[in-house]
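Here are the chains, one letter per residue:
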Amino acid sequence: MMTDKTFIKYKTVIDEWFVNGRNGTKAYQAVYPKANANAADIGFRKIYGNLRIREYVQTKVSEVSQKLDVTFENQLQDLEDIKVESKKESKYSDAIAAIKEQNKMLGFYEKDNNQKKIDNVVIFQIPDNGRGEI
């Protein structure tokens with residue numbers, strides 16, 4: 001169980017993470033400046049993996065989303081507006097980028113994403129064939 005003092009320090013790391021563009025290593029090093037990059041990466045992952053911290057992150061994200069009225073529908077509509085305006089101005093790369101973002105949000109790449117998952121790897125044990133004997 002984490003103490004309140006530790007929780008406050010961990011929240012400071014997470015707040016830095018939000019501010020710096022979500023770079024966990026740099027956020028950790030901002031609070032723990034003596035940590036090298038590897039230790040900072042490991043430390044941030046430990047902090048971020050904590051259930052209480054995850055709830056804090058979710059709360060912050062929800063608060064900002066509500067404040068800015070960021071909803072799934074609004075985001076899709078904004079992308080649709082960008083797509084339409086980009087086509088009118090012959091900025092097809094912007095229109096394509098908007099279409100790709102819409103597709104991601106709607107889950108059109110789910111099949112492709114599932115192909116990249118590591119859980120479809122089959123691992124088997126190679127027989128020892130006496131190599132382990134001395």
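The paragraphs below set out a description of the structure included in this document. The structure presented is a predicted model; accordingly, all values stated were derived computationally and were not measured.

## Some remarks on the pattern of salt bridges
A pair can form between side chains of opposite charge whenever their charged atoms are brought close.
Inference 1: Applying the stated criterion across every chain, the model contains six salt bridges.
Inference 2: Put simply, K60 and D15 hold a salt bridge, and the shortest N to O gap is 3.3 Å. With K60 in helix α4 (residues 51–68) and D15 in helix α1 (residues 4–19), this pair connects stretches of sequence that are 45 residues apart.
Inference 3: E85 serves as the salt-bridge partner of K88, at 3.4 Å between the closest nitrogen and oxygen. With a gap of three residues between them, K88 and E85 both fall in helix α5 (residues 72–88), about one helical turn apart.

## Things to note about helix α2 (residues 24–31)
Inference 1: The complete set of buried residues in α2 reads G24, T25, A27, Y28 and V31. Take α2 and look down its axis: the buried residues cluster within an arc of 165°, on one side only.
Inference 2: You can read the cap of α2 off the contacts: a side-chain oxygen lies 3.2 Å from the backbone nitrogen of T25, and it is on N23.

## With respect to the packing of α1 against α2
Inference 1: Remark: α1 packs on α2, axes separated minimally by 8 Å, with the N-to-C direction vectors making an angle of 135°. Classified by the interaxial angle, the pair formed by α1 and α2 is oblique. In terms of crossing hand, the pair formed by α1 and α2 is right-handed. Residue-level contacts link K9, T12, V13, E16 and W17 of α1 to G24, A27, Y28, A30 and V31 of α2.

The rules behind each value
- Every residue gets a number counted from 1 within its own chain, in the order that chain's sequence is written.
- pLDDT decides what is reported in this predicted model: residues at 70 or higher carry local features, side-chain atom pairs at 80 or more are listed and counted, and totals for whole chains, interfaces and linings draw on all residues regardless.
- Hydrogens and water are ignored here; the side-chain numbers use all heavy atoms of the structure.
- Any Lys or Arg side-chain nitrogen located within 4 Å of an Asp or Glu carboxyl oxygen qualifies as a salt bridge.
- Helix and strand labels come from DSSP, where a helix needs a run of H or I of at least four residues and a strand needs a run of E of at least two; each type is numbered from the N terminus.
- For every residue, the accessible area (1.4 Å probe, protein chains only) is compared with the maximum for its type, and the residue is labelled buried under 20%, exposed over 50%, or partly exposed between those bounds.
- When we speak of the arc, we mean the arc of directions from the helix axis to the C-beta atoms.
- Nitrogen and oxygen atoms within 3.5 Å of one another constitute a polar contact, given that in protein one can donate a hydrogen and the other can accept it, and given that sequence-neighbouring residues count only through two side-chain atoms.
- In this analysis an axis means a line fitted to C-alpha atoms, helices contributing only their contacting stretch, and an angle means the value between N-to-C directions, from 0 to 180 degrees.
- Angles below 35 degrees are treated as roughly parallel, those above 145 as roughly antiparallel, those between 65 and 115 as roughly perpendicular, and all remaining angles as oblique.
- Whether a crossing is left-handed or right-handed is set by the direction in which the near helix is turned from the far one by less than a right angle, anticlockwise for left-handed and clockwise for right-handed.
- Contacts were defined at the residue level, with two residues in contact if any of their heavy atoms lie within 4.5 Å.

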